[in-house]
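Architecture and fold: a report
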Amino acid sequence: MSPSPSRAPCSEKELRKLYPSNLKLEQVQILLRHGERAPTSARFENAGLAAFWPYCTAAKQLVSVTMKTNSSSWSPSHWRRHLETFGCDDNPVLVSGPRGEIEGMCNLGELTDQGRRSSQALGAYFRTLYVDQLRFLPSIISDSEMVYLRATRIPRAIESLQETFWGMYPPHSRSKIFPPPAIILRAPTDETLNPNNGYCKRFAQLAQAFSRRSAERWNTSAELDYVNDLIGKWMPEDSQRVAIDSQPRLSGVLDTINSTLAHGSGTKLPKEFYDKKGMAIINRLVIEEWFSGYNESQEYRALGIGSLLGDVVSRMILSVEKNSKGKSCQFKRSDGTPSGINRSNATVKLGLSGCHDTTLAAILTSLGALKLETWPQFTSHIALELFRKDEESVSAAWKADEIPSPGGSAQHIRINDGIRQPLLPVKAMDKKRSVEKAPSIGRKKFDSLQPSARSKLDGYYVRILFNDQPVTVPGCKASGKHLDGDESFCTLESFKGIVDKFTPLHWKQDCWSNLNDPAFPVKPEPAGY
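About the thresholds
- Residues numbered from 1 in each chain as written.
- Predicted model: local features only at pLDDT ≥ 70, side-chain atom pairs only at ≥ 80, totals over all residues.
- Heavy atoms only, no water.
- Helix = DSSP H or I, 4+ residues; strand = E, 2+ residues; numbered from the N terminus.
- Expected span 1.5 Å × (residues − 1).
- Buried < 20%, exposed > 50% of the residue type's maximum accessible area, 1.4 Å probe, protein only.
- Contact = heavy atoms within 4.5 Å.
- Phe/Tyr/Trp six-rings, centres within 6.5 Å; stacked < 30°, edge-to-face > 60°.
- Lys NZ or Arg CZ within 6 Å of the ring centre and 35° of its normal.
- Pairing = 2+ DSSP bridges.
- Core = buried A, V, L, I, M, F, W, Y, C linked by side-chain atoms within 4.5 Å.
- Disulfide = S-S within 2.5 Å.
- pLDDT = per-residue confidence, 0-100.
- Patch = residues over 30% accessible without salt bridge, like charges linked within 9 Å, V, L, I, M, F, W, Y side chains within 5 Å.
- Areas by Shrake-Rupley, 256 points an atom, 1.4 Å probe, with all protein chains shown as cover.
- Salt bridge = Lys/Arg side-chain N within 4 Å of Asp/Glu carboxyl O.
- Axes fitted to C-alpha atoms, helices over the stretch in contact; angles between N-to-C directions.
- Parallel < 35°, antiparallel > 145°, perpendicular 65-115°, else oblique.
- Left-handed = near helix turned anticlockwise from the far one by under 90°.
- Nonpolar A, V, L, I, M, F, W, Y, C, P; charged D, E, K, R; others polar.

With 14 residues, helix H3 (residues 155-168) should cover 20 Å at 1.5 Å per step; its first-to-last C-alpha distance of 20 Å lies within 8% of that length. A large share of H3 lies buried, amounting to 11 of its 14 residues. Turning to H3, its buried residues are Arg156, Ala157, Ile158, Glu159, Ser160, Leu161, Glu163, Thr164, Phe165, Gly167 and Met168. Buried-residue contacts for H3 involve strand E1 (24-33), helix H2 (113-133), strand E6 (147-151) and strand E7 (350-355).

Pasting the structure below:
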């Protein structure tokens, strides 16, 4: 896995193909893997690979906040970080680099300088696309409510998100009223931004069952014989054969290989680790172990990634509800003054979530959108874009929500889209609204919606980009379920219907249910339908 590739801006031809003129972009939610990092564990020191790497100069200039004495105000506290480990006879020693340096040493799994650069470059690419070329987002940001930022509690995910947002909106592009961006985190027991087998016991059971199946299938195979001939001599004495469940696991071997490929020559493994055929085998087997469950089991999808995708769809629905109502229901009184019942247009236009390789692969596999051949590279990302086809057909569906209160003869006024609607006399509006708000669609299952509610999704489409390339959900390929002429634009109705099938209603409860049930489904449960 080489360093994240530089991304050239889309050409005019590419933009016209990716963004049809008859569609208007309404929202984009981007889930991004962190940038390059050090390996999560020290492996293959016997092959000459250092346990700690000298690629984290941020450790020389860390900043925290400290409370001022006898005051409720705060001051920045600048500090440096050194790492310590065990030396001879268990004596503590400072971690040092190849030249004896103790500054800028990376902890295990830490975002490196390269990871920071590539994450910021990714943000700059997003700015070029969504701000400069599409003019979807403002060049100067003022409204913090239009942005949703979330990350897992793992520092490399938070830091990569910060770097990406900095690339999209560097300081000179933030207005004076724009506050420091708020990043949403969750407690470990509530985390759904990556598959949570640490808390979700049933998901852990399922993951272990699929992992054991892969181990039984591949541990003594000719494929792993080939890998062992290459690198088996560097395995530890107590686990001499490379296997799905060896120590280190095959996935750990891949993690170290990919981390070394993304960094300098001073942290490289012997050439046998980079054998092309061997790398292809390792990728294929690890991908099967970790992600085949999403492809085969509805329960696996629901517990592993269903809650997150349910949140993503809910924000799409909220955008539809707020945008449509806000634009088609701005009323005035009969005397021309504002009625005070305008619905806000404020809604999330940009979502950025700092997450992990397991998040992205789980989403793509659960939607049946892509068969991975290699592990997702650093700064890989999924963009879920919401489009609207035309305003008139959408706003018409919302007329049913505007229900005049009983009594009195209705006067007609003009709203901002030119459609005339009845409004009650001013007296009838005193201390009361002139319209009643219809129940929100939110996370309600599509199959439970009344036809009038379903119609509100008409004219909206969802498109998924993985590393800037469109992918297609198989359940959206049928006629009527996608934009004419392009299967990658799934109707919002169809997309929601597919995601609803594995969106849990009570994720925490489901995590501790069915603990005595078989792990594998009785009949096929293919993904993406």
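Further remarks concern the packing of aromatic side chains. This model, assessed by the stated rule, comprises 21 aromatic pairs. Ring geometry for Phe203 and Tyr294: centres 6.4 Å apart, planes at 40 degrees, overall tilted. Here Phe203, found in helix H4 (residues 201-218), pairs with Tyr294, found in helix H7 (residues 276-296); they are 91 residues apart in sequence, far enough to count as distant. Assessed through its relative accessible area of 3%, Phe203 is described here as buried. Relative accessible area serves as the criterion here: at 1%, Tyr294 is assigned to the buried category. Ring pairing ties together the aromatic residues Phe203, Phe210, Trp290, Phe291, Tyr294, Tyr300, Trp375 and Phe520, which thus form one cluster. For the cation-ring pair, Arg454 lies above Phe446, with the distance from its terminal atom to the ring centre recorded as 4.6 Å. Positioned over the ring face of Tyr19 is Arg463, at 4.9 Å from the centre of the ring.

When you tally the buried positions in strand E8 (residues 381-388), you get 8 out of 8 residues, the bulk of the element. Because side chains alternate across E8, one face comprises the buried residues His381, Ala383, Glu385 and Phe387, and the other comprises Ile382, Leu384, Leu386 and Arg388, equally buried. With 8 bridges connecting them, E1 and E8 associate as antiparallel partners. By the bridge assignment, Leu25 is partnered in E8 with Phe387. Looking at chain direction, E8 and strand E11 (residues 460-466) are connected through 7 bridges and run antiparallel. Paired with Glu385 across the two strands is Arg463, which belongs to E11.

Next up on the list: the nonpolar core. Looking at soluble globular proteins, one finds that nonpolar side chains tend to be buried together. If you look at the biggest cluster of nonpolar residues, it comprises 86 residues, and the most contacted ones within it are Leu367, Leu492 and Phe495. Sorting elements by how many residues they give to this core places helix H8 (residues 298-328) first, with 11 residues. Apart from the residues lying within four places of it in its own chain, the contact partners of Phe495 are Val313, Met316, Leu367, Leu384, Val462, Ile464, Val473 and Cys490. Grouped together as the second largest cluster of nonpolar side chains are 36 residues, Leu23, Leu32, Tyr125 and Leu483 included.

This part covers the state of the cysteines. For the structure shown, the criterion picks out 3 disulfides. Here Cys56 engages in a disulfide with Cys106; their sulfurs sit 2.0 Å apart. Residues Cys56 and Cys106 share a disulfide whose torsion about the S-S bond is about 105 degrees; that sign makes it right-handed. Remark: Cys106 occurs in the loop between strand E5 (92-94) and H2 and Cys56 occurs in the loop between E1 and strand E2 (62-67); sequence separation between them is 50 residues.

For the protein, per-residue confidence averages 88 on the pLDDT scale, and 86% of positions sit at 70 or higher. Here residues 327-346 scores under 50 on pLDDT; set against residues more than four positions off or in separate chains, the count is 52 contacts. A low-confidence stretch, residues 393-438 stays under pLDDT 50, and its non-local contacts, those more than four residues away or across chains, total 84 contacts.

To continue, consider unusual backbone geometry. Cis rather than trans, the peptide bond between Gln247 and Pro248 has omega equal to 5 degrees. Its identity is not glycine, yet Asp89 carries a phi of approximately 55 degrees, on the positive side. Tracing the sequence through the fold places Asp89 in the loop between strand E4 (84-86) and E5. Residues other than glycine seldom take positive phi values, yet Asn514 does so here, at roughly 60 degrees.

This part takes up the environment of Val499. Within the element layout of this structure, Val499 appears in helix H12 (residues 492-500). Its relative accessible area of 0% is what places Val499 among the buried residues. Residues Val499 and Gly528, spaced 29 residues apart in sequence, show a C-alpha to C-alpha distance of 8.3 Å. Setting aside residues up to four positions removed in sequence, Val499 forms contacts with Leu309, Gly310, Val313 and Leu367.

Looking now at the side chain of Arg213. Of note, Arg213 is situated in helix H4. Setting aside residues no more than four positions away along its own chain, Arg213 makes contact with Ser292, Glu296 and Phe520.

Moving on: the pairing of E6. In terms of burial, E6 is a largely internal element, 5 of the 5 residues being buried. Alternating positions in E6 separate into two faces, Val147, Leu149 and Ala151 on one and Tyr148 and Arg150 on the other, with burial throughout. Across 5 bridges, the pairing between E6 and E7 is parallel. Directly across from Val147, in E7, lies its bridge partner Leu350.

Position of Phe86 relative to the elements: it lies in strand E4. If we ignore the near neighbours within four places in the chain, the residues touching Phe86 are Asn91 and Val93.

It is worth spelling out a nonpolar patch on the surface at this point. On the surface, Val65, Met67 and Trp74 cluster together into a nonpolar patch covering about 360 Å² of accessible area. With respect to the secondary-structure elements, Trp74 resides in strand E3 (residues 74-79).

With their axes 10 Å apart at the nearest point, helix H6 (residues 250-261) and H7 run at an angle of 125 degrees to one another. On the basis of the axis angle, H6 is oblique to H7. Between H6 and H7 lies a crossing whose hand is left-handed. Contact residues: H6 offers Leu250, Ser251, Leu254, Ile257, Asn258 and Leu261, while H7 offers Met279, Ile282, Asn283, Leu285, Val286 and Trp290. Taken together, the residues that form the contact of H6 with H7 break down as 9 nonpolar, 3 polar and no charged.

Each pair of packed helices can be summarised by the angle the axes make with each other and by the distance between the axes. Closest axis-to-axis distance for the H4/H7 pair is 9 Å, and the angle between their directions is 135 degrees. What the angle tells us is that H4 and H7 run oblique. Relative to H7, H4 is oriented so that their crossing is right-handed. When H4 is examined against H7, the residues Phe203, Phe210, Ser211, Arg213, Ser214, Arg217 and Trp218 are found in contact with a partner set consisting of Arg284, Leu285, Glu288, Glu289, Ser292, Gly293, Tyr294 and Glu296.

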